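Breakdown of the fold
Each chain, letter by letter, is given below.
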Amino acid sequence: MPSSPSDLVPELESFISGSLLGKGILACSGGQDSTLLAVLCARSVKDKVLVVFVDTGLMRKNESKRVEELFKKFNVNYRIVNSSELFLSRLRGVTDPEEKRKIIGKTFIDVFESIAKESGAEYLLQGTIAPDWIESGGSRREVIKSHHNVGGLPEKMNLRLVEPLRDLYKDDIRELSAHLGLDTGVQPYPGPGLAVRILGEVTEEKVRLLQEITELTEEAVRKEYPDPEKRPWQYFAVLLPVRTTGVHGDKRSYGYTVALRFFDTFDAMSGSFTKPSMDFLERLSTSITNHNPSVNRVVYDITNKPPGTIEWE
Ligand code: XMP
């Protein structure tokens, strides 16, 4: 990894313009990696790359709006496609985590291929970074999760793949984003979205519930740690398929369990669970169960990576 962001930005920009002999299309999830790439494309090759944000229906609340504002601010050539129904219908009845990831990856590609055909794109740009392909079985390693931006790519894809960020790590991405004026307070968010945080079958009802809990959790963390530098590296809620007995008001309930995962790491390859104050956890737990009567239990994940991955699926 060479030098400072001010050297690296022009290097990446010339890599992008040198790689694209025709039009390109970029899948932007709104996460740090693909957003950085969208901005680099806007700066280097302008409208030659169409940036597509697919609303999978598995996003956080208001994600599309946030992403669209950002695209406008950085003069990105973009299109927002709402494919929520397609994703949710293909995920119906599927409980296996690998299967879910593969379906989401394939659906992404299906959506892109049709848009790419319309747009005349010959290249598919992706914000894959080093931990993505290392953990997906690159370099002869065991497949940990067929995930990230690699899983589900059909071999006979009609588009040529360009991955300008493939040798970078998360901390590089953060530095580059800060250098370009992108919001680095945005925590990493997995491509398959809430689907990997809803264990078991993904339904619309569960997505809506987890969207509420996610918003509440993120707001609480931002309030508890006003300085973005002091926040956990990643912080989110997971909806478990485990129902337990509880009491809501004066009635017995049989409700969902939510796991909170706050995590600190340097590069997402290994790391440890955050140790927030018990007071904070108590407040958050109470707020989650008060605002969401279908949840009656909140647990905190105290597993490091390894052995646990950051996400639960
Ligand atoms: P794991 O769960 O493998 O996650 O320890 C490491 C980091 O990667 C994020 N993650 C993903 N990012 N597409 C992405 O772009 C994905 O499919 C994906 N799965 C996990 C995860 O949130 C963590 O930051």
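Structural data are supplied above this passage.
Heads up: these notes are all about the structure in this document.

The rules we used
Residues numbered from 1 in each chain as written. Predicted model: local features only at pLDDT ≥ 70, side-chain atom pairs only at ≥ 80, totals over all residues. Heavy atoms only, no water. Helix = DSSP H or I, 4+ residues; strand = E, 2+ residues; numbered from the N terminus. Buried < 20%, exposed > 50% of the residue type's maximum accessible area, 1.4 Å probe, protein only. Contact = heavy atoms within 4.5 Å. Areas by Shrake-Rupley, 256 points an atom, 1.4 Å probe, with all protein chains shown as cover. Lys, Arg positive; Asp, Glu negative; His and termini not counted. Charge placed at Lys NZ, Arg CZ, Asp CG, Glu CD. Pairing = 2+ DSSP bridges. Axes fitted to C-alpha atoms, helices over the stretch in contact; angles between N-to-C directions. Core = buried A, V, L, I, M, F, W, Y, C linked by side-chain atoms within 4.5 Å. Arc of directions from axis to C-beta. Salt bridge = Lys/Arg side-chain N within 4 Å of Asp/Glu carboxyl O. Disulfide = S-S within 2.5 Å.

Attention now goes to the overall build of the protein. Within the protein one finds nine helices and nine strands. Here the C-alpha coordinates of the protein stretch approximately 65 × 40 × 40 Å along the principal axes. Across the 313 residues in the protein, those meeting the buried criterion constitute 55%. Residue pairs in contact within the protein that sit at least 24 positions apart in sequence constitute 74% of those at least 6 positions apart. For the protein, the computed accessible surface area is about 14,700 Å², with 50% contributed by carbon and sulfur atoms. One finds the centroid of the 41 positive side-chain charges in the protein at a distance of 3 Å from the centroid of its 45 negative side-chain charges.

Attention shifts here to the sheet that holds strand β3 (residues 78-82). One open sheet holds the five strands; their spatial order is β3-β2-β1-β4-β5, and the pairing between them is parallel. Strand pairing shows two members of the sheet lacking a second neighbour, β3 and β5 (160-162), which therefore form its edges. Each strand of the sheet is rotated relative to its neighbour by a mean of 30 degrees, with strand direction disregarded.

Take the nonpolar core next. Counting residues in each nonpolar core, the largest one holds 81 residues, and the members touching the most others are Ile25, Phe71, Leu125 and Leu165. Among the elements that line this core, the one with the most residues is helix α5 (residues 97-119), at eight residues. If near-sequence neighbours (up to four positions away) are discounted, Leu125 is found in contact with Ile16, Leu20, Gly24, Ile25, Leu26, Ala27, Leu37, Cys41, Val49, Val162 and Pro164. Trp233, Phe236, Leu240 and Ile310 belong to the second largest nonpolar core, which has nine residues in total.

Summarising the element assignment, Asp167 is placed in the loop between β5 and α7 (170-180). On the accessibility criterion, Asp167 (55% relative accessible area) is exposed. Taking C-alpha positions, Asp167 is 39 Å from Met278, a pair spaced 111 residues apart along the chain.

What helix α3 (residues 63-73) keeps buried is the set Glu63, Ser64, Val67, Leu70 and Phe71. Summarising the axial view, the buried residues of α3 lie within an arc of 130 degrees, below the 170-degree limit, and thus occupy one face. Within α3, the exposed residues directed more than 90 degrees away from the buried face are Lys65, Lys72 and Lys73. Where the residues of α3 are buried, they touch α2 (32-44), β2 (49-55) and β3.

Here we come to the pattern of salt bridges. What the rule picks out here adds up to 19 salt bridges. Arg60 is the salt-bridge partner of Glu63, the closest N and O atoms lying 2.9 Å from each other. Of the two residues examined, Glu63 and Arg60, each falls in the buried class. Across the salt bridge formed by Lys106 and Asp110, the nearest N and O atoms sit 3.1 Å from each other. Of the two residues, Lys106 and Asp110 both sit in helix α5, four residues apart, roughly one turn of that helix. Counted as one network, the salt bridges with shared partners bring together Arg60, Glu63, Arg66, Glu218 and Arg222.

Here we come to the state of the cysteines. If you walk through the whole model with that rule in mind, you get zero disulfides. Between Cys41, a cysteine without a disulfide, and Cys28, which holds the nearest cysteine sulfur, the sulfur-to-sulfur distance is 9.8 Å. Classification of Cys41 as buried rests on a relative accessible area of 1%.

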